[in-house]
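Architecture and fold: a report
For reference, the chains in residue letters:
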Amino acid sequence: MPGMTIHLRVWRQAGPNQPGRLVPYTAERVSPDMSFLEMLDVINEKLIASGQDPIAFDSDCREGICGACGLMINGVAHGPEPGTTTCQLHMRHFHDGDTITVEPWRSRAFPILKDLIVDRSALDRVIKAGGYISVNTGSAPEANAIPVSKPIAEQAFESAACIGCGACVAQCKNGSAVLFAGAKVSHLNVLPQGRVERYSRVVAMLDQHDEEGFGSCSNEGECEAVCPKEIKLSNIARMNREYIRARLAGVR
Ligand code: SF4
Ligand code: FES
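Here we summarise the structure given alongside this text.

What follows covers the packing of helix α2 (residues 121–130) against helix α7 (residues 198–211). What describes two packed helices is the angle between their axes and the distance between those same axes. Two numbers describe how α2 lies on α7: the axes approach to 8 Å, and their chain directions differ by 155 degrees. Taken together, the axis directions place α2 and α7 in an arrangement best described as roughly antiparallel. As for how α2 packs across α7, the hand of that crossing is right-handed. Between α2 and α7, the residues in contact are R125, V126, I127, A129 and G130 and R201, A204, M205, Q208 and H209, respectively.

Spelled out as structure tokens, the structure:
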């Protein structure tokens, strides 16, 4: 089978604070079963063979679990398929002869390092501010020793599905990371083990969120629409309620 011909316009930028531009490439004999990243691998093999600098992009697991691989594909974070990371996006969702524009996440808090790679460590620093449990929980207890109701367990599990990819930030016109922060706060604050530090956690994480240069939420919903793990906006509402309770309780 001859496969598809795909035309690409890829953002190339030699380093941070360097000028960048969209560079045209053509990928030939693209199999519909290839992932988007495998298609970029093929282009890179050609670039390397001809002595050119390959396109820099991030990936690790290529299974939709690590969050490393985000790309802006035709202006949509992770591309056209809902609930799908870039590494799990297959070329069968495109057509022979398509032109696809590929750009990095563009957000003040995510400086571009090279080509399609951005520095997402601001998200790590939000976690570091409070996205953990520091109380001594002792050795691993018997699984049923702490009663957690099924709805609470399911809520925590849904929120814990966030892979920290940053697509929510990239798609938001405000560059807000509150869907990410909301998922991380919710995951811990709804569980009995996390409730001890619920107020200090939400205040510390939101303070760090703002300090990193992420913007405020204006209820656009773009984050939820592109989230590959379908994290719900209700996580933001829960975090905001926790924040107000914390302030009323005098936590600074
Ligand atoms: S909330 Fe969704 S889009 Fe945002 S970092 Fe988590 S998984 Fe990625
Ligand atoms: S490479 Fe890990 S989620 Fe895509």
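Looking now at unusual backbone geometry. Unusually for a residue other than glycine, R62 sits at a positive phi of about 55 degrees. Mapped onto the elements of the fold, R62 is located in the loop between α1 (36–49) and β3 (72–73). Unusually for a residue other than glycine, N74 sits at a positive phi of about 50 degrees. Note that N74 resides in the loop between β3 and β4 (76–77). For N74, a relative accessible area of 42% translates into the label partly exposed.

Summarising the element assignment, E242 is placed in helix α9 (residues 234–248). Looking at E242, the relative accessible area reads 4%, which means it is buried.

Moving on to the site of ligand 1. Close to ligand 1 lie C162, I163, G164, C165, G166, A167, C168, L179, F180, C227, P228 and I231. Elements that contribute at least two residues to the shell around ligand 1 include exactly α4 (167–171) and α5 (178–189). Split by residue class, the shell around ligand 1 holds 10 nonpolar, 2 polar and no charged.

Conventions we followed
Residues numbered from 1 in each chain as written. Chains lettered and ligands numbered in written order. Predicted model: local features only at pLDDT ≥ 70, side-chain atom pairs only at ≥ 80, totals over all residues. Heavy atoms only, no water. Axes fitted to C-alpha atoms, helices over the stretch in contact; angles between N-to-C directions. Helix = DSSP H or I, 4+ residues; strand = E, 2+ residues; numbered from the N terminus. Parallel < 35°, antiparallel > 145°, perpendicular 65-115°, else oblique. Left-handed = near helix turned anticlockwise from the far one by under 90°. Contact = heavy atoms within 4.5 Å. Buried < 20%, exposed > 50% of the residue type's maximum accessible area, 1.4 Å probe, protein only. Near = heavy atom within 4 Å. Nonpolar A, V, L, I, M, F, W, Y, C, P; charged D, E, K, R; others polar.

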